[in-house]
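Summary of the model geometry
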Amino acid sequence: MELSLLVSVRPMLATAGSPPVGEGWAVEFKWDGVRAIVAAAGERVRISSRNGNDVTAGYPEITTAGLGVGRSVVLDGELVALDPAGRPDFGLLQHRMHLRTPGLEVRERVAVSLYVFDVLALDDQPLLDQPYDVRRDQLLGLGLDELPGVAVPPSFTDLPAAQMLEVAREHGLEGVVAKQRRSRYTPGRRSPAWIKTALLSTQEVVIGGWTAGAGRRAGTVGALLLGVHDRAGGLHYLGNVGTGFTDAALHDLHTRMLPLHQDRSPFVDEVPREQARHAVWMAPRLVGEVVYRTLTADHRLRHAAWRGLRPDRDPDEIVLDLP
C-alpha cells in the first residue's frame, strides 16, 4: 500500500462534555501527549502530526519498532513520554517535540512511546466506515503490544464513564474519552460520537505578544499575551500567562519570538492598558497550550499556567466560540 493513501487523513476529534450515561459506550483513558497518524508498510513508516506535518524523523524509536512488518497499516494514536511513575508527562515530551533529528542522548533521556487506540486501514482495506467495535477487534489482533515502545491502552465497555473518570483522577491521568461503539471514524471532524472529559482544563492559544521579564527573568520573557480566533478569523485577546516556564523554555520562546516582532497589536479587541503599555507585539504564528482554573464571562483566563509550545497545531486552527 502506498503510504500516501491514508496518511493525509486528519484525526477524528472528540467533543468536550460530561461522562455519558447508558449503554453502547467504550471508555478509554485520555493520554497527555501529541496526536499522531502513523502509516507503515514493511520498513516504510511515516508519522504525521494532527495538522498533517511530517514528523517521522523526530521519533526514530517508533519508525524502527516494526509496525509494518508483514503488513500495511494506518494507525491513530498518541505520542507520549512517561514520567518515573509511568504516567504521560507533556512537559517531558516538550524536550522532543521541537527536535527534527534527536540524537541518541536525548532519545535515551526522553524516550517516546506510541499509544495506539485506533486502526484506520489494514492491508489495503480502509476501515473508516467500520464501527468502533470492529476496528478495535482488528487493532487487538495486530499484536502491537509486543513491539518495543508501542502499546494498545485498554478500552472498557463494562464500566460507567463516570467511574472511569474517578480512576483517572486517582492515578493522576488527564481524563477519559468515551466512544460510541457503533460509530464510524470521521476524519478531521469533532464528533459527538466521541466525548472527552478532562480533569484539567486546557486551552490551545496563539501568542500575540509578550512583556519583558524583570529580576531573574531580566532579558527574557515576563508574560505572554494570548489569543484565540473567532469563526470569522479575528484574533481575540484571551489573557496573559506568566507562570509555568522553565529557564530553557523562556530562552527558547524569546529566541523564537524576536524575529516575529511587529509594531501593532494583532488582536482585534482592546488589550487592557496595564498589559498593552509594556507589550512587544508579534505576528501571531506560534501556538502554545495553557492549563487554567476558569474562563471568565468576558473570556479571560484565570490562574493560567504555561504548558508549552504546540508545533503540531496551526494558528488558524485555534478557534473558540465567542459572543
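To be clear, the structure that these remarks concern was listed above.
First, a word on what this report is: a plain description of the structure on this page. Note that the structure is a prediction, hence the values are computed from the model and not measured.

Digging into the packing of aromatic side chains
Summed over all chains, the structure comprises seven aromatic pairs. Seen in terms of ring centroids, tyrosine 237 and phenylalanine 267 are 5.4 Å apart; in terms of plane orientation they differ by 80°. Their pairing is edge-to-face. Of this pair, tyrosine 237 sits in strand β13 (residues 235-241) while phenylalanine 267 is found in the loop between α7 (247-257) and α8 (273-276), placing the two residues 30 residues apart along the sequence. Across the pair, exposure class does not vary: tyrosine 237 and phenylalanine 267 are buried alike. Between phenylalanine 267 and tryptophan 281, the ring centres sit 6.3 Å apart and the planes meet at 75°, which makes this aromatic pair edge-to-face.

Observations concerning α7
It helps to recall that an α-helix has 3.6 residues per turn; residues three or four apart then point in one direction. Buried within α7 are the following residues: Leu250, Leu253, His254 and Met257. Down the axis of α7, the buried set is contained in an arc of 100°. They therefore lie on one face. Those residues of α7 that are exposed and angled more than 90 degrees off the buried face are Ala248 and His251.

Things to note about the sheet that holds strand β14 (residues 279-292)
Taken in spatial order, the five strands line up as β13-β12-β11-β14-β17 in an open sheet, and their pairing is antiparallel. Bordering the open sheet on either side are β13 and β17 (305-309), each of which pairs with just one other strand. Strand after strand, the sheet turns through a mean of 45° between neighbouring axes, direction not considered. Bridge count between β14 and β17: four bridges; the pairing is antiparallel. Counted as the bridge partner of valine 291 is alanine 305 from β17. Packed onto the sheet, helix α3 (residues 90-97) meets β14 and β17 and runs at close to 30° relative to β17. With respect to the sheet, α7 is in contact with β11 (201-212), β12 (221-229), β14 and β17, its orientation differing from that of β12 by roughly 60°.

Some words on the sheet that holds strand β1 (residues 13-16)
Sheet architecture is open: four strands sit in the order β1-β10-β9-β2, paired in mixed fashion. Two strands in the sheet have a free side with no partner beyond their single neighbour: β1 and β2 (25-30). Within this sheet the neighbouring strands show an average axis-to-axis angle of 40°, counted without direction. Contacts from helix α5 (residues 132-140) reach β2, β9 (175-180) and β10 (190-198), with the element oriented near 55° to β2.

Here's the deal with the pairing of strand β5 (residues 68-81)
For β5, the tally of buried residues reaches 12 of 14 residues, placing the bulk of the element in the interior. When strand β3 (residues 34-42) meets β5, the two strands line up antiparallel, connected through nine bridges. Bridging across to β5, isoleucine 37 finds its partner in aspartate 76. Here β5 runs beside strand β6 (residues 112-122); their pairing, made up of nine bridges, is antiparallel. If you follow aspartate 76 over to β6, its bridge partner there is aspartate 118.

Digging into the pattern of salt bridges
Applying the stated criterion across every chain yields a total of 20 salt bridges. Two residues, arginine 109 and glutamate 105, come together in a salt bridge whose shortest N-O distance is 3.0 Å. Residue arginine 109 and its partner glutamate 105 are both found in helix α4 (residues 104-109); the two are separated by four residues, about one turn of the helix. The exposure class of glutamate 105 is exposed, given its relative accessible area of 51%. In this structure, the salt-bridge partner of arginine 256 is aspartate 252, at a minimum N-O distance of 2.8 Å. Here arginine 256 and its partner aspartate 252 are both found in helix α7, four residues apart, which amounts to about one turn of the helix. Among the residues examined, aspartate 252 registers a relative accessible area of 25% and is labelled partly exposed. Taken together, the shared-partner salt bridges in this structure form one network comprising Asp32, Glu289, Arg307, Arg310 and Asp312.

Basis of the calculations
Residues numbered from 1 in each chain as written. Predicted model: local features only at pLDDT ≥ 70, side-chain atom pairs only at ≥ 80, totals over all residues. Heavy atoms only, no water. Phe/Tyr/Trp six-rings, centres within 6.5 Å; stacked < 30°, edge-to-face > 60°. Helix = DSSP H or I, 4+ residues; strand = E, 2+ residues; numbered from the N terminus. Buried < 20%, exposed > 50% of the residue type's maximum accessible area, 1.4 Å probe, protein only. Arc of directions from axis to C-beta. Pairing = 2+ DSSP bridges. Axes fitted to C-alpha atoms, helices over the stretch in contact; angles between N-to-C directions. Contact = heavy atoms within 4.5 Å. Salt bridge = Lys/Arg side-chain N within 4 Å of Asp/Glu carboxyl O.

These results come straight from atomic positions and should not be treated as a statement about function.
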